[in-house]
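# Descriptive analysis of the structure
Here are the chains, one letter per residue:
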Amino acid sequence: MSSDTSLSQTVRRFVNRPQRMLIGGAWVESRTGATLESIDPATGRRLTTIARGDGADVDRAVRAARDAFESPAWRDLSPLERGLLLNTLADLIEAHADELALIEAHDNGKPVKVARAVDVGSSAKLFRYFAGWPSKFEGSTVPVSPRGGLKILNYTVHEPVGVVGAIVPWNFPMSMACWKLAPALATGNTVVLKPAEETSLSTLRLAELIQEAGFPDGVVNVVTGTGAEAGAAIAGHAGVDKIAFTGSTEVGRLVARAATGNLKKVSLELGGKSPHIVLPDADPAQVAEAAADAIFFNQGQTCTAGSRLYVHKRIYDEVMAALVERARRIVVGPGTDPGTEMGPLVSAKQLARVGEYIASGRQEGGALATGGGRPDGLGEDHRDGFFLQPTIFVETDHSMRVVREEIFGPVLVAMEWDDIDDLVAKANDTPYGLSAGVWTHDLKSAHRIAAAIRAGTVWVNCYNLTDPGSPFGGYKQSGWGREMGREVLEHYTETKSVWVNLT
């Protein structure tokens, strides 16, 4: 038996077995015994069932997390010991990288090579980065001028918030979970994590590795289920001290409202409609390759997707010809196929949503330069999969829904520009402010545009780069707070000011 065959069989056994939840160190069914079906996006057929947790399950997970937070087994670990646990988990992720990537390809649909390089690779990197912070997130001594001539020592300390409720989306299932877990655990919190109902499998396998790494029982709990049941219960639970949510802006509003009950801390990483700006001195071939990757990476199911392409009129035709040709060469197929460049969308619901936007774009006067339908040649096994061609609209304007609303699929809208002030105004004409891209050799223009764009991340002559050391988040309706970097640690800690009278 080849190693590839052995790996495939191991993963197949895992993804096909009924899945339970992790609460207080035990793998349990939901209190009611209810389940949900997990669907393979490439076939449209059932992979397995997962436990359908509800408010009662969330309640016992929160109690387990609170007990673990107050237990000496976790509370009394030194900063270096917490860092060692995080590094051990990173070791295990790397050791099981091929397995985790293949699970993600089955469950989410994304190409296995993307899952291996991006999802799994970034997850290990996150734990490595945050493993260094427990011993370095320092307080400070503060010069104060108290009344009455008192001699005062004033210092600050950072303390964990407590129980963190983490709710993550289906587009990057495991890596988005790690975006929450790594800083939360590094700062000494405990976690109740709810993965997306469509894509829970990689997170459940990660939870097994968390146990193997030696984290005390109850430090990480995973409750699977729907957003309306398990997610809402976490957001509104009085025993949860902080919510970390990644998902749509619409659901983010619901989470924020639910969190007001006990005024828990909230961080939100939400939607985007990112402008991708091309100046006339840019290389058309390089831009076409980058623009294709910016929108078709992960099937367009990414909040930073470069979905609005603004190309200077001087090179518009050349860029678009190369971009359309590149889009037509993209290999669409099942994520488990090593040759696939773009997999299926995550669900029938998402495919229908994106299809409705394509119909809207055509109805409102947009022209399809390529795509818009189901790809050919997928074979009988995948006739019910959720596949869509890479799609590019031209002849679009800012009155169209496809230009104004987040589609979350492989659909690009392209527009010409010739006045930089008008360009910046249009780029900012959106309720979102997550990211943007700029292509030029003119550093003065690059910095001018980067300063003018109202977005949390601006990439210049690159796109979709992230790193655990660099903060990530949005302006406007793209969210509250930041992920990663030193900045994220503030969201998972409270700062205490201590005053000592030395008089």
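We now turn to the structure provided with this report. None of the values given here were measured: they were computed from a predicted structure. (Residues numbered from 1 in each chain as written. Predicted model: local features only at pLDDT ≥ 70, side-chain atom pairs only at ≥ 80, totals over all residues. Heavy atoms only, no water.)

A word on the nonpolar core. Leu89, Ile93, Phe127, Leu181, Leu185 and Phe215 are the most contacted members of the largest nonpolar core, which totals 73 residues. If you tally residues by element for this core, the top one is helix α7 (residues 173–186), at 10 residues. The contact partners of Leu89, leaving out residues within four places of it in the chain, are Phe127, Leu206, Leu209, Ile210, Ala213 and Phe215. Formed by 30 residues, the second largest nonpolar core is a distinct cluster that contains Ala42, Val311, Leu323 and Leu412. (Core = buried A, V, L, I, M, F, W, Y, C linked by side-chain atoms within 4.5 Å. Buried < 20%, exposed > 50% of the residue type's maximum accessible area, 1.4 Å probe, protein only. Helix = DSSP H or I, 4+ residues; strand = E, 2+ residues; numbered from the N terminus. Contact = heavy atoms within 4.5 Å.)

Packed helices, taken two at a time, are described by their axes: the angle between them and the distance between them. As a packed pair, α7 and helix α8 (residues 201–213) sit with axes 8 Å apart at the nearest point and diverge in direction by 45 degrees. Between α7 and α8, the crossing angle belongs to the class labelled oblique. The crossing of α7 and α8 is right-handed. Contacts from Pro173, Met174, Ala177, Cys178 and Leu181 of α7 reach α8 at Ser202, Thr203, Leu206 and Ile210. (Axes fitted to C-alpha atoms, helices over the stretch in contact; angles between N-to-C directions. Parallel < 35°, antiparallel > 145°, perpendicular 65-115°, else oblique. Left-handed = near helix turned anticlockwise from the far one by under 90°.)

Let us look at the pattern of salt bridges. According to the stated counting rule, one finds 27 salt bridges in the structure shown. With a closest N to O distance of 2.7 Å, Lys110 and Asp119 form a salt bridge. Assessed through its relative accessible area of 0%, Asp119 is described here as buried. As a salt-bridge pair, Glu356 and Arg401 come within 3.0 Å of each other at their nearest N and O atoms. Pair noted here: Glu356 is in helix α13 (residues 348–363) and Arg401 is in helix α14 (residues 401–404), with a separation of 45 residues, a long-range link. The exposure class of Glu356 is partly exposed, given its relative accessible area of 39%. Through salt bridges with shared partners, one network takes in Arg17, Glu99, Arg205 and Glu208. (Salt bridge = Lys/Arg side-chain N within 4 Å of Asp/Glu carboxyl O.)

For the rest of this paragraph, the subject is unusual backbone geometry. Positive phi, close to 60 degrees, is recorded for Gln299, a residue that is not glycine. The phi dihedral of Lys476 falls on the positive side, at around 50 degrees, and the residue is not glycine. Position of Lys476 relative to the elements: it lies in strand β19 (residues 475–476). Overall, the relative accessible area of 38% leaves Lys476 in the partly exposed class.

Given two aromatic rings, their pairing is described by the distance between the two centres and the angle made by the two planes. In the structure shown here, the tally under the stated rule is eight aromatic pairs. Here Trp74 and Phe215 contribute two aromatic rings whose centre-to-centre distance is 6.1 Å and whose plane-to-plane angle is 45 degrees, an arrangement assigned as tilted. Here Trp74, found in helix α3 (residues 72–75), pairs with Phe215, found in the loop between α8 and β8 (220–222); they are 141 residues apart in sequence, far enough to count as distant. Residue Trp74 shares its accessibility class with Phe215, and that shared class is buried. Taken together, a centroid distance of 5.4 Å and an interplanar angle of 75 degrees make the contact between Trp179 and Phe472 edge-to-face. Taken as a pair, Trp179 in helix α7 and Phe472 in the loop between β18 (457–460) and β19 lie far apart in primary sequence, 293 residues in all. (Phe/Tyr/Trp six-rings, centres within 6.5 Å; stacked < 30°, edge-to-face > 60°.)

Below, the discussion takes up the pairing of strand β6 (residues 163–167). β6 sits mainly inside the fold: five of its five residues count as buried. Here β6 shows two buried faces, one formed by Val163, Gly165 and Ile167 and the other by Val164 and Ala166. Pairing analysis gives five bridges linking β6 to strand β7 (residues 190–194), with the strands arranged parallel. When the bridges of β7 are listed, Val164 appears paired with Val191. With α7 bridging β6 and the parallel β7, this β-α-β connection has right-handed handedness. (Pairing = 2+ DSSP bridges. Right-handed = clockwise from strand over helix to strand, strands pointing away.)

In this structure, Lys180 sits in helix α7. Sequence-distant contacts of Lys180, that is, excluding residues within four places in its chain, are made with Ala166, Ile167, Val168, Ala244, Phe245, Thr246, Glu483 and Tyr492.

Right, let's talk about the sheet that holds strand β14 (residues 391–394) for a bit. Ordered in space as β13-β14-β15-β12-β11-β17-β18, the seven strands form an open sheet in which the pairing is mixed. At either margin of the open sheet sits one strand with a lone partner, and together these are β13 (367–370) and β18. Direction aside, the axes of adjacent strands within the sheet are offset by 25 degrees on average. Here strand β11 (residues 275–278) pairs with strand β12 (residues 308–312) via four bridges, running parallel. Among the inter-strand pairings, His276 is bridged to a residue of β12, identified as Leu309. Helix α11 (residues 284–296) rests against β11, β12, β14, β15 (411–417) and β17 (435–439) of the sheet, and its axis sits at about 180 degrees to β11.

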